[in-house]
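Architecture at a glance
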Amino acid sequence: MIHKEISIQKKGSLKDTRLTTYFLEKSQEYEYGEKRPCVLVCPGGAYRFTSDREAEMIALNLNCRGYHAAVLRYSCAPARFPTALTEVAESVKLLKENAGEWAIDPDKIFIMGFSAGGHLAASYGVFWDQDFVAEEAGCSSELLKPFGLILCYPVITSDRTYTHEESIQNLIGDAGEELREKMSLEKQVGKQVPQTFLWHTFEDDAVPFQNSLVFTEALGKAGIPVEYHLFTPGEHGLSLASRSTRRADGSGEVKECAEWIRLLWAWLDRIC
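The structure reproduced in this document is the subject of the present report. (Residues numbered from 1 in each chain as written. Predicted model: local features only at pLDDT ≥ 70, side-chain atom pairs only at ≥ 80, totals over all residues. Heavy atoms only, no water.)

Pairing in this open sheet of eight strands is mixed, and the strands run S1-S2-S4-S3-S5-S6-S7-S8 from one edge to the other. Each edge of the open sheet is held by one strand with a lone partner, namely strand S1 (5-7) and strand S8 (226-231). With strand direction ignored, the average angle separating the axes of adjacent strands in the sheet is 20°. Direction of pairing for strand S6 (residues 148-152) relative to strand S7 (residues 195-201): parallel, over a ladder of five bridges. In the sheet register, Gly 148 faces S7, and the bridge partner there is Gln 195. Contacts from helix H1 (residues 56-64) reach strand S2 (18-22), strand S3 (36-42), strand S4 (68-73) and strand S5 (104-114) within the one sheet, and its direction differs from that of S4 by about 165°. Helix H8 (residues 210-222) rests against S6, S7 and S8 of the sheet, and its axis sits at about 155° to S7. (Pairing = 2+ DSSP bridges. Helix = DSSP H or I, 4+ residues; strand = E, 2+ residues; numbered from the N terminus. Axes fitted to C-alpha atoms, helices over the stretch in contact; angles between N-to-C directions. Contact = heavy atoms within 4.5 Å.)

Our focus in this paragraph is the environment of Arg 246. You can see Arg 246 is positioned in the loop between S8 and helix H9 (260-271). Residue classification places Arg 246 among the partly exposed residues on the basis of a relative accessible area of 35%. In sequence terms Arg 246 and Arg 53 are 193 residues apart; their C-alpha atoms lie 8.1 Å from each other. Among all residues touching Arg 246, those that are not within four sequence positions of it are Arg 53, Ser 251, Gly 252 and Glu 253. A distance of 3.1 Å separates the side chain of Arg 246 from the side chain of Glu 253, its partner in a polar contact. (Buried < 20%, exposed > 50% of the residue type's maximum accessible area, 1.4 Å probe, protein only. Polar contact = N/O pair within 3.5 Å; in protein donor to acceptor, adjacent residues only side chain to side chain.)

With that out of the way, let us pick up the packing of aromatic side chains. This structure, assessed with the given rule, holds 13 aromatic pairs. Taken together, a centroid distance of 5.2 Å and an interplanar angle of 85° make the contact between Tyr 153 and Trp 199 edge-to-face. One end of the pair, Tyr 153, is in the loop between S6 and helix H6 (165-172); the other, Trp 199, is in strand S7, and 46 residues separate them in sequence. Here Tyr 153 and Trp 199 have matching classes, each one buried. With centroids separated by 5.7 Å and ring planes inclined at 45°, the aromatic side chains of Phe 197 and Trp 267 adopt a geometry described as tilted. Of this pair, Phe 197 sits in strand S7 while Trp 267 sits in helix H9, and the two are 70 residues apart along the sequence. Taken together through their ring pairs, the aromatic side chains of Phe 114, Tyr 153, Trp 199, Phe 231 and Trp 260 make up a single cluster. Across from the ring centre of Phe 127, 5.4 Å away, lies the NZ or CZ of Lys 182, which sits over that ring. (Phe/Tyr/Trp six-rings, centres within 6.5 Å; stacked < 30°, edge-to-face > 60°. Lys NZ or Arg CZ within 6 Å of the ring centre and 35° of its normal.)

On to the pattern of salt bridges. Enumeration over the complete set of coordinates arrives at 12 salt bridges. Between Glu 90 and Lys 10 there is a salt bridge, and its shortest N-O distance comes to 3.1 Å. Here Lys 10 lies in the loop between S1 and S2 and Glu 90 lies in helix H2 (residues 83-97), a separation of 80 residues in the sequence. For the pair shown, Glu 90 and Lys 10 are each scored as buried. (Salt bridge = Lys/Arg side-chain N within 4 Å of Asp/Glu carboxyl O.)

Next up, the structure:
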């Protein structure tokens, strides 16, 4: 295991912003051999913090399936948009520039996010090809291109009917309605967005399932391949929905929803 903590610092970054790697060692005994797909994980936390429950355990589960993983502890409030977005871009750039050393397939890098981290991952999916992102990263947009998105009960819309208001406020502060409108990511979907896997729960009363639904509908209209799973039971913030990621109070285990990781593995295996 190549396990490193790498400081990620962009304009406006908080000092503890870092990328933690979970890279499997090279070995000719494995089918993948010299290079593997890599998943960049963005934990949730309402753009106020990054959750431990949506970090290392997720990376280790991906490792068990044969994928490299890296967890980005991105800048949260008081940092504002686009700081976290540029940190994702810097992380993608780092993964691709070091692909040979770390045995990464540079053409198969996924951005995965939970809750507000899902908003960040989806933001990268819609904005990665814009000039301001490439300028901040100091490279071409082509180097920053993601292969796919994995969105877990994501915050998507800034529409006040269905949004998670705390996440949007922590992200934009008092920037005003123009930026708020831009953060309604379903309205930013075009051909630039990569293939996407999403899941949510009907009972989520913090980030309503309509968030992932409107993004799915936008992807469909744009002709972007998408796989969407909606489970009936389950509160917000389930992570793996298994015993391994239960909260300190014992909540957060829902057997029906725990199937999402196996559905994800099937999706990843099919496209990789």
